[in-house]
Each structure stands twice: as C-alpha cells, then as structure tokens.
Amino acid sequence: MNSKKHLGHTARKRFGQNFLHDNHVIQNIVAAIYPQKDQFLVEIGPGLGALTEPVGEQVEHLTVVELDRDLAERLRHHPFLHQKLTVIETDAMQFDFGALYADQTAEPKQKLRVFGNLPYNISTPLMFHLFKYHDVIQDMHFMLQKEVVKRLCAAPNSKAYGRLTIMAQYFCQVMPVLEVPPSAFKPAPKVDSAVVRLIPHQTLPHPVKDLYWLNRVCSQAFNQRRKTLRNALSSLFSPENLTALEIDLNARAENLSIADYARLANWLADNPPVEVLKDEIMDSEE
C-alpha cells in the first residue's frame, strides 16, 4: 500500500489508514446509518472526517475515537464541527465503551450507535471487543473487507461460515448494506470492501453459561474444519457425549448451527474437561 498525502495528511500504514473520498458512497453510508439529532453516535477511526462531517451535520453531538494524534488534533480544531465533537484520543481496542453509556447524566440513558471505516488489520479483534458491550449498543455500521462481511453474514454449510460468524450472530443480527470498490479510497486498498449493519439482540437467542466455552469449542472445531467433529472435538467430547447432544459424529464444523454450538458450550460449562481442571489446580498452587 503506497503512502499518499491526502488533505495534508500522509496515510499511515501502521494504522491501516485508507481514506474514504467517494461522495456517492459516503452519502449511501450516512443514509444507512440514518443519524438522528438526539442519538448518541460514536465514530471509530474518523480519519479525515469523510463520515464525521455529514453525520456531524445531522446530530447535536458526536463522539469520535481516534488513535492518530495528528488526526485527533485536526478534529479538535475542525472549522465547523469542533463544538459538537468529543474527541477521545485512544486505541479503540482498549477503550471502555461501557463507560460512555454509564457516564451519561440524562435519563433515560441513550444506547450507543457505533460506526466507522475500520482499519482492516484490526477489524475482527475490534468487533470481538465491541461485542462485550452489546447490551449498551443500539447498532453498529462498519466498513470492512468484503470477505469479512461475507463471513459475518454466512449461513451454515458454507465455506465462509466460521468462528467469526458464530460469535457475531450470537450477539447480533447481521445484515450486509452495500459493497464499496477500492477506487472509493485513497490510497486504494488491494481488496473490495463492504458495509455491514450489526444490531445487538435485545435478548440473546442462544445464551451460553460461559463465553469461554463457546469460543473454545468454535476455535477447536474450525481450526480443524476438514475433520469430522468426532475427531476435531475428541479432546472435549466422547462420541457418546456428542451423540447424546444430538450432534452427527460425521458432521464438520460448518454443518452445525449457532444453537448446536451453544448446546455444546453449555455442556462443557457443566462438564469441564480434566485438562482444564488440572490447569485451574496448577494456577491456584502458583
């Protein structure tokens, strides 16, 4: 990716910066977000303000989270938005989004509406971080690599279906919004992009007792997705366990639904493998 100066700012490769500049695409994204005056909107990675400006014009206040010191300083002195903006100069991956909700003085508190053109090199871990705050987020709109959007929206029995699919759909309803070509950015990325909408479930449809086990069983199954579940999950379940849980021993990771994975996770929460119990004993002795 070539570093190019855009409006006096050099796109920084280490921050994964690609600046959106296509007005038609920008208008379509803002229309999809549909910001309203009194809502609590939070933008991650506002960059040079391609989305910040049209969204900021439609709301009374906008909070932005920006890691790049130079860009944060630009936003603090924005010619017509600076009075509306709260600029939080920090890494969104480490930021407590729950505190934004909790610190509101007005009642009832407004849930957050989060959006952004996310750096593609951190988009997946950043979404996992945001899922922790699903109960205080109204919705999320993100520009992502097109392949990541496909994975988020995938259904069972497809190659795109994986751990990211399950964790995203466990917490949210996921909908693709629009596709975006590389030419909409400066510098142009080497991949196609797309915008996705994630709406956290009001009530989790398949709640698990411990997210650790959902992560664990998904990771183990999809890390060996060519194997049958009988073999891929052999360190966690006996064939008899899987049969009792109504899992086809010859199925593969992509054949199970989110409900199936939740059922497996809940069984593990009640019946943790011996290796985990040993780890806990060793931790307590140290």
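Report follows, based on the coordinates.

The rules we used
Residues numbered from 1 in each chain as written. Predicted model: local features only at pLDDT ≥ 70, side-chain atom pairs only at ≥ 80, totals over all residues. Heavy atoms only, no water. Axes fitted to C-alpha atoms, helices over the stretch in contact; angles between N-to-C directions. Helix = DSSP H or I, 4+ residues; strand = E, 2+ residues; numbered from the N terminus. Parallel < 35°, antiparallel > 145°, perpendicular 65-115°, else oblique. Left-handed = near helix turned anticlockwise from the far one by under 90°. Contact = heavy atoms within 4.5 Å. Nonpolar A, V, L, I, M, F, W, Y, C, P; charged D, E, K, R; others polar. Buried < 20%, exposed > 50% of the residue type's maximum accessible area, 1.4 Å probe, protein only. Pairing = 2+ DSSP bridges. Phe/Tyr/Trp six-rings, centres within 6.5 Å; stacked < 30°, edge-to-face > 60°.

The subject of this paragraph is the packing of helix 5 (residues 123-131) against helix 7 (residues 163-171). Contact pair helix 5 / helix 7: the axes reach a minimum separation of 10 Å and the direction vectors enclose 30 degrees. With respect to helix 7, the axis of helix 5 lies roughly parallel. Where helix 5 crosses over helix 7, the two elements pack in a sense that is left-handed. In this structure, helix 5 contributes Thr 124, Phe 128 and Phe 131 to the contact, and helix 7 contributes Arg 163, Leu 164, Met 167, Ala 168 and Phe 171. When the residues that make up the contact of helix 5 with helix 7 are grouped by side-chain class, the tally is six nonpolar, one polar and one charged.

It is worth spelling out the pairing of strand 4 (residues 40-44) at this point. Where burial is concerned, most of strand 4 is hidden: five out of the five residues are buried. The pairing of strand 4 with strand 7 (residues 112-117) spans four bridges and is classified as parallel. Within the sheet, the bridge partner assigned to Val 42 lies in strand 7 and is Val 114. Sheet topology note: the strand 4/strand 5 (residues 62-66) ladder contains four bridges and is parallel. Within strand 5, the residue paired with Leu 41 across the bridge is Leu 62.

Looking now at the packing of helix 7 against helix 8 (residues 211-223). Relative orientation of the contacting elements helix 7 and helix 8 amounts to 150 degrees, with a least axis distance of 9 Å. Taken as axis vectors, helix 7 and helix 8 run roughly antiparallel relative to one another. For the pair helix 7 and helix 8, the sense of crossing is right-handed. Of helix 8, the residues touching helix 7 (which contributes Arg 163, Ile 166, Met 167, Tyr 170 and Phe 171) are Leu 211, Leu 214, Asn 215, Cys 218, Ser 219 and Phe 222. A breakdown of the residues in the contact of helix 7 with helix 8 according to their chemical character gives eight nonpolar, two polar and one charged.

The next point concerns the side chain of Glu 66. Here Glu 66 lies in strand 5. When near neighbours in sequence (up to four residues on either side) are disregarded, Glu 66 contacts Gly 45, Pro 46, Gly 47, Leu 71, Ala 72, Ile 88, Glu 89 and Thr 90.

Now for the packing of aromatic side chains. Two measures describe an aromatic ring pair: the distance that separates the ring centres and the angle between the ring planes. Tallied over the entire structure, the rule returns nine aromatic pairs. The interplanar angle of 80 degrees and the centroid separation of 4.8 Å between the aromatic rings of Tyr 212 and Trp 213 together place this pair among those described as edge-to-face. You can call Tyr 212 partly exposed: its relative accessible area is 42%. Members of the aromatic cluster, each reached through a chain of ring pairs, are Phe 128, Phe 131, Tyr 170 and Phe 171.

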